[in-house]
Amino acid sequence: MRLVFHPDQKDISLAGVLYALGDPVRLEIVKSLAERGELSCAALDCQVPKSTMSHHLRVLREAGVLCCRKEGTQHLNSLRQSDLNALFPGLLEVVLRSVGQRSCPLRLR
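Conventions we followed
Residues numbered from 1 in each chain as written. Predicted model: local features only at pLDDT ≥ 70, side-chain atom pairs only at ≥ 80, totals over all residues. Heavy atoms only, no water. Helix = DSSP H or I, 4+ residues; strand = E, 2+ residues; numbered from the N terminus. Buried < 20%, exposed > 50% of the residue type's maximum accessible area, 1.4 Å probe, protein only. Contact = heavy atoms within 4.5 Å. Areas by Shrake-Rupley, 256 points an atom, 1.4 Å probe, with all protein chains shown as cover. Expected span 1.5 Å × (residues − 1). Salt bridge = Lys/Arg side-chain N within 4 Å of Asp/Glu carboxyl O. Phe/Tyr/Trp six-rings, centres within 6.5 Å; stacked < 30°, edge-to-face > 60°. Lys NZ or Arg CZ within 6 Å of the ring centre and 35° of its normal. pLDDT = per-residue confidence, 0-100. Pairing = 2+ DSSP bridges. Core = buried A, V, L, I, M, F, W, Y, C linked by side-chain atoms within 4.5 Å.

A closer look at the overall build of the protein chain
Check the secondary structure of the protein chain and you find five helices and three strands. For the protein chain, the succession of helices and strands along the chain, N to C, is α-α-β-α-β-β-α-α. Looking at the 109 residues of the protein chain, the share that counts as buried comes to 35%. When contacts within the protein chain are restricted to residue pairs at least 6 apart in sequence, long-range pairs at least 24 apart make up 66% of them. Carbon together with sulfur atoms contributes 54% to the accessible area of the protein chain, which is approximately 7,200 Å² in total.

This is the structure:
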C-alpha cells in the first residue's frame, strides 16, 4: 500500500496554497469540502475524468489544503482548516466567500 504524502504544517507555503487554489476545479473541491465536510473521492462530483480529479486532489493535498485518509477502499478528503488558519488567518474564508460571489453578475460602479 502506498502512503499518501501530507506536508507538515511548517512546510505549507502561501505560494503553494495560492497555486493550489488557483484552479476553478480545485476551488469547487474546496467549496464542497467546506460546505459538506469530509467526502470520498466519488462524492466530489466535479464533472471531470477520474484521472483529472486525482490530479487536482493530489495538488491540494501536497499544498497542504486538504488531508486524505484511507478507510477500506475509499479515500476520504477533508480540509486542513486548523493548519491553514494557524498559518494564514482568514485566507480560506476569504477565498470561499469570493467563490460564492463569482456566480453573481459583475456590477460596475
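A look at helix α2 (residues 24-36)
Relative to the 18 Å expected for 13 residues at 1.5 Å per residue, α2 spans 18 Å between its end C-alpha atoms, a close match to the ideal helical length. One or two steps after α2, the chain reaches G37, where phi turns positive at roughly 80°.

Considering the pattern of salt bridges
This model, assessed by the stated rule, comprises five salt bridges. K10 is the partner of D11 in a salt bridge, and the nearest nitrogen-oxygen pair spans 3.4 Å. Among the residues examined, K10 registers a relative accessible area of 68% and is labelled exposed. Each of the salt bridges in this network shares a partner with another, and the network as a whole consists of E38, R69 and E71.

Let's talk about the packing of aromatic side chains
This structure, assessed with the given rule, holds zero aromatic pairs. Over the aromatic face of Y19 sits the side chain of R26, whose NZ or CZ is 5.4 Å from the ring centroid.

Observations concerning the confidence of the model for the protein chain
Mean pLDDT over the protein chain stands at 87; residues scoring 70 or higher make up 90%. By mean pLDDT, helix α5 (residues 91-102) is the weakest element of the protein chain at 83, and helix α1 (residues 14-20) is the strongest at 97. Within the model, pLDDT remains below 50 along residues 103-109, and this stretch shows zero contacts once partners closer than five positions in the same chain are excluded.

Thoughts on the pairing of strand β2 (residues 66-71)
Strand direction decides the pairing type here: β2 and strand β3 (residues 74-79), joined by six bridges, are antiparallel. Across the sheet, residue R69 finds its bridge partner in β3, namely L76. Joining the antiparallel neighbours β2 and β3 is a turn of two residues, in which G72 adopts a positive phi near 65°.

What about the nonpolar core?
Formed by 25 residues in total, the largest nonpolar core has its most connected members in L21, I29, L60 and V65. Only α1, α2, α3 (50-63) and α5 provide two or more residues apiece to this core. Setting aside anything within four residues of it in sequence, one finds L60 in contact with A20, L21, R26, I29, V30, V65 and L66.

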